[in-house]
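Each chain, letter by letter, is given below.
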Amino acid sequence: MSRRLLPAVAARADLPSGLLDRLVAIAVAGTGPEDGSAAVRELVWALCERSDLGPERARALAAADPDTAVVLARSGLLSPADVDPAAQPHAALALLEEGSGRPEWARLPAASPDREVRWRLASCPGLPPDVAEALAADPDPGVAAEFALWTVDPAVAARLAAHPDAEVRSAAALNEATPPEVLTALITGEGLPPARTCPVCRRGEEPAPDEPPARARCSGAHESAVHDTLERAARNPATPAAVAAGLAGHPSVLVRWALAERADLPQGVYTRLGADPAPAVRRTVAENPAIREPLIHTLAARRDDPDVLRALARHPRLPLGLLAEVASAVRIGPVLLPSIAAADPDDLTRAAASAPAAVRMLIAERHDLPAPLRDALAGDADAAVAKAAAPHPGLSGEQLRAMVARHGVQVCARVAANPGAPADLLEELARRDPPVRRALRAIAVHPNATLPALLACLEDVGARKDAAAHPVLPADVVAGLLEHPHPEMACAAAAHPALPAPAVERLVAAAERAGPTGRAPG
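Description of the structure in this document. Computed from a predicted model, the values in this text were never measured in an experiment.

Description of the overall build of the chain
Phase 1 of the analysis: Helix and strand counts for the chain come out as 36 helices and zero strands.
Phase 2 of the analysis: Relative to its length of 522 residues, the chain is extended, with a C-alpha radius of gyration of 30 Å against a globular reference of 24 Å.
Phase 3 of the analysis: Excluding contacts between residues fewer than 6 apart, the proportion of contacts in the chain whose partners are at least 24 apart in sequence is 50%.
Phase 4 of the analysis: A total of about 24,000 Å² of accessible surface is found on the chain, and carbon and sulfur atoms cover 57% of it.
Phase 5 of the analysis: In the chain, 53 positive and 65 negative side-chain charges are present, and the distance between their average locations comes to 4 Å.

Topic: the packing of helix α2 (residues 17-30) against helix α3 (residues 38-48)
Phase 1 of the analysis: Across the interface, α2 lies against α3 with an axial gap of 9 Å and an inter-helix angle of 135°. By the angle between their axes, α2 is oblique relative to α3. Where α2 crosses over α3, the two elements pack in a sense that is left-handed. Contacts from Leu20, Leu23, Val24, Ile26, Ala27 and Gly30 of α2 reach α3 at Val40, Leu43, Val44 and Leu47.
Phase 2 of the analysis: Here the contact of α2 with α3 is composed, by residue class, of nine nonpolar, one polar and no charged.

Observations concerning helix α26 (residues 371-378)
Phase 1 of the analysis: Among the residues of α26, those classed as buried are Leu373, Arg374, Leu377 and Ala378. When α26 is viewed along its axis, its buried side chains cluster within an angular range of 135° and face the same direction.

Focus: a positive patch on the surface
Phase 1 of the analysis: Together, Arg331, Lys387, Arg438 and Arg441 give the surface a local cluster of positive charge.
Phase 2 of the analysis: By secondary structure assignment, the location of Arg331 is in the loop between α22 (320-329) and α23 (338-342).

Section: the side chain of Asp65
Phase 1 of the analysis: Its location among the elements puts Asp65 in the loop between α4 (54-64) and α5 (66-74).
Phase 2 of the analysis: Separated by 2.8 Å, the side chains of Asp65 and Thr68 make a polar contact.

With respect to the packing of α4 against α5
Phase 1 of the analysis: At a minimum axis distance of 5 Å, the contact between α4 and α5 shows a crossing angle of 140°. In this view, α4 runs oblique relative to α5, as classed from their interaxial angle. Every residue of α5 that contacts α4 at Ala58, Leu61 and Ala62 is listed here: Pro66, Thr68, Ala69 and Leu72.
Phase 2 of the analysis: Taken together, the residues of the contact of α4 with α5 break down into six nonpolar, one polar and no charged.

Some remarks on the pattern of salt bridges
Phase 1 of the analysis: Per the stated rule, a full pass over the model turns up 33 salt bridges.
Phase 2 of the analysis: With a closest N to O distance of 2.8 Å, Asp424 and Arg401 form a salt bridge. With Asp424 in helix α30 (residues 423-430) and Arg401 in helix α28 (residues 397-407), the pair connects residues that are 23 residues apart, well separated along the chain.

Regarding the environment of Pro334
Phase 1 of the analysis: Relative to the elements of secondary structure, Pro334 occurs in the loop between α22 and α23.
Phase 2 of the analysis: Taking the C-alpha atoms as reference points, Pro334 and Lys387, separated by 53 residues in sequence, lie 9.5 Å from one another.

Comments concerning helix α35 (residues 487-495)
Phase 1 of the analysis: Turning to α35, its buried residues are Met489, Ala490, Ala492, Ala493 and Ala494.
Phase 2 of the analysis: Packing partners of the buried residues in α35 comprise α1 (6-10), α33 (464-468), α34 (475-481) and α36 (501-514).

Focus on the state of the cysteines
Phase 1 of the analysis: Taken as a whole and assessed by the stated rule, the structure comprises zero disulfides.
Phase 2 of the analysis: Between Cys48, a free cysteine, and Cys491, which holds the nearest cysteine sulfur, the sulfur-to-sulfur gap is 18 Å.

Considerations on the side chain of Arg282
Phase 1 of the analysis: Of note, Arg282 is situated in helix α19 (residues 279-286).
Phase 2 of the analysis: On the basis of relative accessible area, Arg282 is assigned to the buried category, the value being 11%.
Phase 3 of the analysis: For Arg282, the contacting residues outside a window of four places in its chain are Leu273, Gly274, Ala275, Asp276, Pro277, Arg302, Asp305 and Val308.

Description of unusual backbone geometry
Phase 1 of the analysis: Of note, the amide linkage connecting Asp433 to Pro434 takes the cis form, showing an omega dihedral of 5°.
Phase 2 of the analysis: By the secondary structure assignment, Pro434 is in the loop between α30 and α31 (437-444).

Some words on the environment of Leu265
Phase 1 of the analysis: Along the chain, the position of Leu265 falls in the loop between α17 (253-260) and α18 (267-274).
Phase 2 of the analysis: The residues touching Leu265, leaving out its near neighbours within four places in the chain, are Ala241, Ala245, Leu259, Tyr270 and Leu273.

Criteria and cut-off values
Residues numbered from 1 in each chain as written. Predicted model: local features only at pLDDT ≥ 70, side-chain atom pairs only at ≥ 80, totals over all residues. Heavy atoms only, no water. Helix = DSSP H or I, 4+ residues; strand = E, 2+ residues; numbered from the N terminus. Rg over C-alpha atoms; globule rule 2.2 N^0.38 Å. Contact = heavy atoms within 4.5 Å. Areas by Shrake-Rupley, 256 points an atom, 1.4 Å probe, with all protein chains shown as cover. Lys, Arg positive; Asp, Glu negative; His and termini not counted. Charge placed at Lys NZ, Arg CZ, Asp CG, Glu CD. Axes fitted to C-alpha atoms, helices over the stretch in contact; angles between N-to-C directions. Parallel < 35°, antiparallel > 145°, perpendicular 65-115°, else oblique. Left-handed = near helix turned anticlockwise from the far one by under 90°. Nonpolar A, V, L, I, M, F, W, Y, C, P; charged D, E, K, R; others polar. Buried < 20%, exposed > 50% of the residue type's maximum accessible area, 1.4 Å probe, protein only. Arc of directions from axis to C-beta. Patch = residues over 30% accessible without salt bridge, like charges linked within 9 Å, V, L, I, M, F, W, Y side chains within 5 Å. Salt bridge = Lys/Arg side-chain N within 4 Å of Asp/Glu carboxyl O. Polar contact = N/O pair within 3.5 Å; in protein donor to acceptor, adjacent residues only side chain to side chain. Disulfide = S-S within 2.5 Å.

Right, dumping it as structure tokens:
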């Protein structure tokens with residue numbers, strides 16, 4: 001058990017330097033070519049997340065395991081001075097991917113026979129010109145396509161947009177560095193020589209295992225790759241809006257769907273897409289911040305289109321009066337809508353006075369309301385409205401008790417989540433029979449929770465992990481949880497700040513005695 005608790009020990013903020021050194025030694029001894037146990041691997045990950053690991057410990061972990069070296073490089077705990085690109089090529093590549101490796105390192109992976117290595121290099125920033133040129137001319141079109149996707153040089157992107165392979169052109173169509181006139185050519189085909197190959201014809205007639213046959217078509221015109229190019233160019237904000245708008249009538253749903261995401265189209269195009277036969281296209285238009293009020297009203301009248309109405313409800317420009325119509329026609333759920341978040345509080349007060357319960361509930365999801373409006377919503381006769389208002393800061397204990405008395409189990413969880421919920425009320429909610437499990441989960445993380453309330457939470461499957469980590473738990477309770485049969489409880493105890501230092505020391509010592517295999521000698 002002690003070895004399984006080491007990752008939690010490694011996450012402790014109060015870990016002494018000496019114990020940290022010993023944990024690193026355990027991790028180094030348990031990793032390497034034979035792949036240490038899962039517990040040791042988790043220990044390594046926990047150590048890599050520590051801000052006080054330091055260069056010396058990081059180098060020791062990196063030297064013991066190539067995968068760990070990559071993690072440390074990505075997290076910034078290894079510097080270029082700590083990495084030998086010849087001996088630790090994966091760590092060096094990780095530093096290049098993070099933009100912190102030395103540019104000259106790129107020449108080694110650029111010459112690698114491993115296509116995957118060159119493909120990863122193609123997305124790295126700040127590559128030397130000769131490496132960039134080699135990747136653009138890579139014999140594997142997949143590598144050249146990855147470079148076409150990430151290059152920031154408009155001239156290179158333009159050149160790759162005319163690549164003989166359609167996969168490379170498709171990648172250039174998604175790159176915002178590709179010049180607008182080149183993106184136009186990718187849509188119209190004018191000024192570009194025909195592509196000679198694509199992923200489908202390169203591999204033959206059989207589709208890839210992860211590619212549906214319907215999306216893998218090539219009769220000589222590279223249909224699938226050309227389709228992907230149009231879809232990507234339609235989505236690319238660097239494509240001129242007037243050119244992209246010409247795709248509004250394209251037969252492919254995916255192309256029209258990508259077009260509906262744009263924020264720069266004429267309103268007439270949005271109107272056309274808003275009446276599209278494909279639900280996904282209509283829904284995307286409805287939530288697009290670029291559409292104006294006339295189209296918003298038109299879409300709100302589509303009472304037979306609940307997905308569009310739900311998307312429209314999340315539109316930042318939806319008028320409050322229209323929200324009442326939408327909320328009455330379709331269930332939206334407990335979420336703070338952008339139009340309510342941006343509304344003037346006086347407008348919300350007026351709206352709440354005459355709005356149906358479905359709208360009052362949505363208004364109550366905003367937690368910075370004026371006190372009179374907040375109190376009115378908290379005392380609402382509709383349980384859904386009161387439930388939405390229950391977590392509001394500023395509600396008194398008496399108001400919260402009145403909510404529970406009036407609406408019972410329907411509001412208990414949200415009342416327990418109120419930051420000002422008093423300790424005695426949390427105890428009462430924790431003792432309810434039958435238990436309200438969502439309330440227990442809220443109590444388990446509440447700063448006002450008392451020991452009696454937390455003991456009740458420790459008995460609940462969904463709340464016990466958080467309850468075991470609560471700072472109110474005393475040392476004797478925490479120490480007892482180390483022997484809990486559920487690992488999540490024991491790990492929470494091992495990471496708990498109240499766990500006495502001698503107990504932490506014993507956990508590390510037991511793991512040291514167990515050795516790299518995790519089994520105690522004898």
